[in-house]
Amino acid sequence: MNINSEKNSNGARKLLKPYNSAETEDRIYKLWEESGFFAPEAHPPWTDNPNKDKTFSMVLPPPNVTGVLHMGHALTIAIEDIMVRFHRMRGYKTLWIPGTDHAAIATQSRVETEIYKKEGKRRQDLGREELLRRIEEFAKQSHDTIVNQTKKMGASLDWSREAFTLDEKRSLAVRTAFKKMYDQGLIYRGQRVINWDPKGQTTISDDEIVYEERKTKFYTFRYSKDFPISIATTRPETKLGDTAVAVNPNDQRYKKYIGQEYDVDFVGVKLHIKIIADQSVDPEFGTGALGVTPAHSVIDSEIAQRHNLPMIQVINEYARMMVPNPLLKDKKVSEAREIIVETLRKEGLLEKEEEIIHNIALAERTGGVVEPLPKLQWFVNVNKPIKERKNKTLKDLMREPVENSEIEIIPDHFKKTYFHWIDNLRDWCISRQIWYGHRLPVYYCKQAGISNFQFPISKQNQKLKIKNFPPEADPPSAEKLECQPIISIEPIKKCPDCGNELEQDPDTLDTWFSSALWTFSTLGYPEKTKDLETFHPTSVLETGYEILFFWVARMIMMSGFFLGEIPFRTVYLHGTIRDSKGKKMSKSLGNAIDPLDMTAKYGTDAVRMSLVVGTAPGTDSKVDENKIKAYRHFANKIWNISRFVLLQKNAEHTRNDEIILTEEDKTLLDEFSSLAKDITKDIEEFRFYLAGEKIYHYVWHRFADIILEESKGIFAKGSAAEQNSRKWALFKILEDSLKILHPFMPFVTEEIWQLMGKTNLLMVEKWPEQAR
RNA sequence: GCGCUCUUAGCUCAGUUGGUUAGAGCGUUCCCCUCACACGGGAAAGGCCGCAGGUUCGAAUCCUACAGAGCGCACCA
C-alpha cells in the first residue's frame with residue numbers, strides 16, 4: 001500500500017499530490033534498514049570489490065540517556081548522515097557507529113530528583129543497589145526513545161555495532177585503560193583541593209564549572225588589632241582556615257614582616273599566621289597582601305605547597321562551617337559570613353567594604369555553588385613524561401597532532417582555543433562520589449582500612465596533610481600498611497597479602513573518561529579486532545564546539561596514549577542551536593524544541609535541510625519554523641518536478657546510445673555535470689551549507705523554473721528528435737539530481753526513486769560525479 | 001587580564017582562495033487557480049556589506065584603529 005501513488009488504467013504509476021512525508025518515512029527507513037546497507041559489509045551493487053583503503057568511518061557523539069533528542073542532536077545527525085550517505089554512494093566502505101552515553105552525574109541527579117519528588121526518598125534511603133536499579137531502568141527507557149528518534153531522523157547508522165558507554169565491552173575497555181594508566185603512573189590518588197559540588201555531593205572537574213557574574217561585597221580587614229597587615233576578601237568565612245599571609249617579595253611596605261609568625265584570635269578561633277613572600281602576589285590588588293587559605297582555594301593550596309604551610313579545613317561537604325567557635329559551627333557559609341562581618345565591624349577591624357562584580361563558580365549540572373575543599377581523590381597526571389611515548393606528556397599528545405595538522409579542526413580558529421585550554425590545563429580529577437558509572441577498579445584490604453591511602457606514594461603527596469577541627473591523627477601512608485591496594489581489571493575478593501576480604505573503592509569515574517575512549521572502545525578495544533584495524537583512526541569527528549575540551553581533546557589524548565595514533569583526521573565543529581530568543585537550547589535546560597514535532601509536521605527532509613543550509617561550522621543558529629516550512633515546500637517541489645518528468649512517456653527506458661542529443665541538451669547536461677562536480681567538492685571540503693543551497697537553487701530555479709518550462713514548448717512544437725532528446729535529458733538530470741539531493745533529503749528522493757520502478761536503492765546508487 | 005568570533009535587505013542568516021549588476025528563507029507590493037506543483041507561477045520594492053583609514057587595477061572579502069554584541073580561558077586575596 002502506498003498512498004503516494006496509484007496505478008492508472010495503463011498500469012503505470014502515477015504520483016499523487018502533494019508529497020506525504022508522514023506516510024513515507026517509516027516505510028522507507030525500514031526498507032533501508034532491512035537492506036543491510038547501513039553496515040560496511042554490504043557494499044553497493046556496482047562495486048563488487050570495495051577498495052580496502054577507501055574507508056569512511058565515524059562515531060555518532062553518543063547522546064546522553066537523560067531524556068529525549070533535541071535540535072542539537074538533529075543537527076548532528078543531519079550533518080553526519082550527509083557525510084555518511086555521500087561516501088557510501090561513492091563506494092567507500094562506510095561505517096557510522098551509534099551509541100549512547102550513561103552521563104553519570106546528569107542521569108543520576110535526574111533520577112534522584114524524580115524519586116525525591118514522587119517518594120520523598122533520597123539516595124541513602126534506597127541504597128546503592130536499588131538506586132542503580134532505578135537508574136538503569138530509566139536509562140533503558142530513555143535509550144529506546146533516543147534510538148527511535150534517531151531512526152526518525154533518517155540516520156543510516158550501523159545498528160549492529162551499537163554501543164553504550166556503560167555496557168560490558170566498554171566497561172572492560174575502561175578498566176583496562178585505568179589500570180594501564182595507573183601502571184604508567186598517569187593516574188594517582190592524592191590529597192588535593194578539588195571542586196566540590198555540595199548540591200550533587202561529588203567532586204567535579206575544572207571543565208564542569210560554569211561561572212556566573214554576581215554582585216558581592218569585598219571586605220578589607222585585619223585578623224585582630226595587633227596583626228600588622230590588612231587583607232581583603234569576598235569570603236571572610238574561609239579566612240578561619242588561613243595559615244599565612246603572602247606578600248610580594250619586592251613590596252617595600254611589607255618587607256620587614258616577611259618570616260614573622262603571629263598567633264591571633266580571629267572571631268574566636270585561634271590562628272597561627274606566618275608572613276611569607278611569594279612572586280604570585282600582585283602588590284596592586286587589594287591591600288597587596290593575601291590571606292592564604294590552603295584548604296579552600298586551589299591557588300592558595302599551591303602557595304601552601306611551595307612554602308610548606310599547614311592546611312586547615314573549615315568548611316565541610318555540606319558547605320557548613322567546621323570550626324570550634326559554637327557561634328559558627330555548622331552554620332551555612334553564607335550565615336557564617338554575616339556573623340563574621342558583624343563581629344569585625346563591632347571590634348573595629350573592618351576597614352573597608354565595597355561592592356564588586358565577581359564570578360562565582362557553579363556546578364554545571366546541578367547549579368550548586370562550588371566549594372573548593374581538600375579531598376583524597378583520583379587524578380590523571382597530564383604533565384608526566386611517558387616512556388613508551390617518547391617521554392611525551394599527555395598534554396603533548398593532545399597538542400602535537402593538532403599543531404602539526406595531522407588533525408584538522410573546522411573551523412580552524414578553534415585551534416587557538418584548543419591550545420589555550422591545554423596551556424592552562426591542570427591534572428584531571430576523575431573520581432566522582434556518585435553511584436552511577438564505572439566504579440573504580442581499585443580494591444583495598446578491609447583490615448588495612450580504605451580511606452586514607454594516597455598512592456603512588458610521592459613526596460609531593462606526603463607534604464600535604466590536612467588538619468581538621470578537631471585535629472585528627474595524620475593519615476597513615478600506604479607504605480606503613482602491610483597490604484597494598486590493588487588495581488585489577490577483573491573483580492577480586494580476597495587480599496593476596498593477608499587473605500582477608502577486599503573492599504572496592506566506592507567512587508565512580510567521570511563520564512568523560514569512558515567517552516574519551518569512544519573511537520576505539522566502540523571498535524573492540526582492548527581486543528585487537530578487525531574493526532579496529534580497518535576503521536581506526538576514524539575519518540571525521542563531528543560534534544558541537546562546546547564539548548571541544550570535554551570530549552574532543554580527551555579522545556585525542558587517550559587515543560594517543562593507548563594506540564599511539566590519532567582518533568580522527570578531521571574535527572568538524574557545529575554551532576549551538578538556540579531558541580527563537582537566542583537562548584541556548586540544550587540537554588538539561590528544558591527549553592528544547594522537540595525535533596520530532598517538526599518532522600511530524602514538515603517531514604524529516606525539511607528539518608534536515610533547514611538545519612544544514614546556511615549554517616556555517618562553529619556558528620550558532622536559531623531554529624526558525626518558517627525555514628523548515630520552506631524546505632517542506634521544496635520537498636514537494638521535487639515531488640512535482642518528478643511527476644512532470646515521469647509524465648513524459650517513451651523516454652524512461654531509452655538508452656544513452658540510442659538517442660541523439662541536441663546541442664542544447666548537451667549544454668544542459670554539461671551544466672549539470674559541472675554543478676555536480678562543484679557540489680562534490682563542497683561536500684568533500686565540508687561546506688554542506690553551500691552544497692545544500694546550490695542543489696536547492698539549481699533544482700528549483702534552474703531545472704524547474706527554466707528548463708522544465710522551456711521543455712513544455714519543445715513537447716508542444718518540437719520535432720520528434722528534439723522531443724526525445726529533451727525527454728532523455730530531463731530524466732538524466734532528474735535522476736542525478738535525486739542522487740545529489742539524497743544525502744540531504746534521503747526520504748523524498750528514495751521514495752521517488754522507488755516509484756520510478758528502480759530495482760536498487762537510491763541509497764547505494766553511484767554518485768553522479770567522481771570528482772578528481 | 002589573555003584569546004576568539006560576530007556586526008551584510010524589515011527579520012534570521014549564507015557569501016569557499018579579493019574579480020563582472022551582493023545571495024537564501026520568511027516578510028512586503030502587484031498580477032496570475034496557465035494542461036507538474038497555490039506547499040505554485042510571473043514581476044517588483046528593499047542593502048554607501050558597523051565606523052574610519054590603508055593595501056590593491058579591483059575589497060563585504062586582506063591589514064590597522066575604533067565602536068557595539070557574544071563566547072572561551074584565567075583571575076576573583
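As for the environment of Arg439
Here is step 1: Tracing the chain through its elements places Arg439 in the loop between strand 20 (431-432) and strand 21 (442-445).
Here is step 2: Excluding residues within four positions of it along the chain, Arg439 makes contact with Arg128, Gln504, Asp505, Pro506, Asp507 and Thr508.
Here is step 3: At 2.9 Å, the side chain of Arg439 and the backbone oxygen of Asp505 are in polar contact.

Focus on the sheet that holds strand 13 (residues 269-277)
Here is step 1: What the 4 strands build is an open sheet, ordered 12-13-11-14; its pairing is mixed. Among the strands making up the open sheet, the edge pair consists of strand 12 (261-266) and strand 14 (289-292). If you compare each strand with its neighbour and ignore which way they point, the axes differ by 30° on average.
Here is step 2: In terms of strand pairing, strand 12 meets strand 13 through 6 bridges, oriented antiparallel.

Considerations on the packing of helix 3 (residues 104-119) against helix 5 (residues 128-152)
Here is step 1: For the pair helix 3 and helix 5, interaxial distance at closest approach is 10 Å and the crossing angle is 105°. When the axes of helix 3 and helix 5 are compared, the pair comes out roughly perpendicular. Residues Thr107, Gln108, Arg110, Val111, Glu112, Ile115 and Glu119 of helix 3 lie in contact with helix 5, whose contacting residues are Leu131, Arg134, Ile135 and Phe138.
Here is step 2: Each residue belonging to the contact of helix 3 with helix 5 can be placed in one class, and the counts come to 5 nonpolar, 2 polar and 4 charged.

Quick look at the packing of helix 20 (residues 688-717) against helix 21 (residues 720-741)
Here is step 1: At a minimum axis separation of 11 Å, helix 20 and helix 21 run at an interaxial angle of 165°. Between helix 20 and helix 21, the crossing angle belongs to the class labelled roughly antiparallel. The chirality of how helix 20 crosses helix 21 is left-handed. Counting all contacts with helix 20, which are made through Ile695, Tyr698, Val699, Phe703, Ile707, Leu708, Glu710, Ser711, Ile714 and Phe715, the residues of helix 21 involved are Glu722, Gln723, Arg726, Lys727, Leu730, Ile733, Leu734, Ser737, Ile740 and Leu741.
Here is step 2: Of the residues contributing to the contact of helix 20 with helix 21, the split by class is 13 nonpolar, 3 polar and 4 charged.

Examining the nonpolar core
Here is step 1: Core analysis: the largest hydrophobic core is formed by 94 residues, its most contacted members being Phe634, Ile638, Val645, Phe688, Phe703 and Met745.
Here is step 2: It is helix 20 that provides the largest number of residues to this core, a total of 12 residues.
Here is step 3: When sequence neighbours within four positions are dropped, the list of residues in contact with Phe634 reads Met609, Tyr696, Val699, Trp700, Leu741 and Met745.
Here is step 4: Ile187, Val382, Phe419 and Ile556 belong to the second-largest nonpolar core, a separate cluster that totals 62 residues.

Digging into the protein's contact with RNA strand B
Here is step 1: Surrounding RNA strand B, one finds 50 residues, the nearest of these being Ala232, Thr233, Thr234, Asn359 and Trp700.
Here is step 2: Sugar and phosphate atoms form 65% of the subset of RNA strand B atoms that lie within 4 Å of the protein.
Here is step 3: Note that a base oxygen of RNA strand B is positioned 2.9 Å from one of the side-chain N or O atoms of Lys637.
Here is step 4: The biggest single contributor to the surface near RNA strand B is helix 18 (residues 625-647), with 12 residues.
Here is step 5: Of the residues belonging to the surface near RNA strand B, the class tally is 20 nonpolar, 15 polar and 15 charged.

Brief notes about helix 18
Here is step 1: The terminal C-alpha atoms of helix 18 lie 33 Å apart, and with 23 residues this matches the ideal 33 Å at 1.5 Å per residue to within 8%.
Here is step 2: Turning to helix 18, its buried residues are Ile628, Tyr631, Phe634, Ala635, Ile638, Trp639, Ile641, Ser642, Phe644 and Val645.

Re the packing of aromatic side chains
Here is step 1: Under the counting rule described, the total for this entry stands at 32 aromatic pairs.
Here is step 2: Residues Phe221 and Phe266 carry aromatic rings whose centres are separated by 5.8 Å and whose planes lie at 15° to one another, so their mutual orientation is stacked. Taken together, the residues Phe221 in strand 9 (residues 209-221) and Phe266 in strand 12 connect sequence positions 45 residues apart.
Here is step 3: Residue classification places Phe266 among the buried positions, given a relative accessible area of 0%.

Quick notes on the sheet that holds strand 23 (residues 486-487)
Here is step 1: Within the open sheet, the 3 strands sit side by side as 23-21-24. Their pairing is antiparallel. The two strands at the open ends of the sheet, each matched to only one other strand, are strand 23 and strand 24 (502-504).
Here is step 2: Sheet analysis places strand 21 next to strand 24, joined by 3 bridges and oriented antiparallel. Within the sheet, the bridge partner assigned to Cys445 lies in strand 24 and is Leu502.

Observations regarding empty space enclosed by the protein
Here is step 1: For the coordinates displayed, the defined rule picks out 3 cavities of 30 Å³ or more.
Here is step 2: Considered as a void within the structure, the largest cavity measures approximately 40 Å³ in volume.

Quick word on the confidence of the model for chain A
Here is step 1: Residues with a pLDDT of 70 or more make up 89% of chain A, whose mean pLDDT is 87.
Here is step 2: Note that pLDDT drops below 50 for residues 8-12; the model gives that stretch 2 contacts with residues more than four away or on any other chain.
Here is step 3: Contacts of residues 456-480 to residues separated by more than four positions or lying in other chains number 43 contacts, the stretch itself having pLDDT below 50.
Here is step 4: Across the assembled chains, the prediction reports ipTM 0.92 with pTM 0.92.

Thresholds, definitions, all that
Residues numbered from 1 in each chain as written. Chains lettered and ligands numbered in written order. Predicted model: local features only at pLDDT ≥ 70, side-chain atom pairs only at ≥ 80, totals over all residues. Heavy atoms only, no water. Helix = DSSP H or I, 4+ residues; strand = E, 2+ residues; numbered from the N terminus. Contact = heavy atoms within 4.5 Å. Polar contact = N/O pair within 3.5 Å; in protein donor to acceptor, adjacent residues only side chain to side chain. Pairing = 2+ DSSP bridges. Axes fitted to C-alpha atoms, helices over the stretch in contact; angles between N-to-C directions. Parallel < 35°, antiparallel > 145°, perpendicular 65-115°, else oblique. Nonpolar A, V, L, I, M, F, W, Y, C, P; charged D, E, K, R; others polar. Left-handed = near helix turned anticlockwise from the far one by under 90°. Core = buried A, V, L, I, M, F, W, Y, C linked by side-chain atoms within 4.5 Å. Buried < 20%, exposed > 50% of the residue type's maximum accessible area, 1.4 Å probe, protein only. Near = heavy atom within 4 Å. Expected span 1.5 Å × (residues − 1). Phe/Tyr/Trp six-rings, centres within 6.5 Å; stacked < 30°, edge-to-face > 60°. 1 Å grid on protein atoms, 1.4 Å probe; cavity = no way out; pocket = protein on both sides within 12 Å on 5 of 7 lines; lining within 4 Å. Points joined across faces, edges and corners; volume = space filled by probe spheres on them. pLDDT = per-residue confidence, 0-100.

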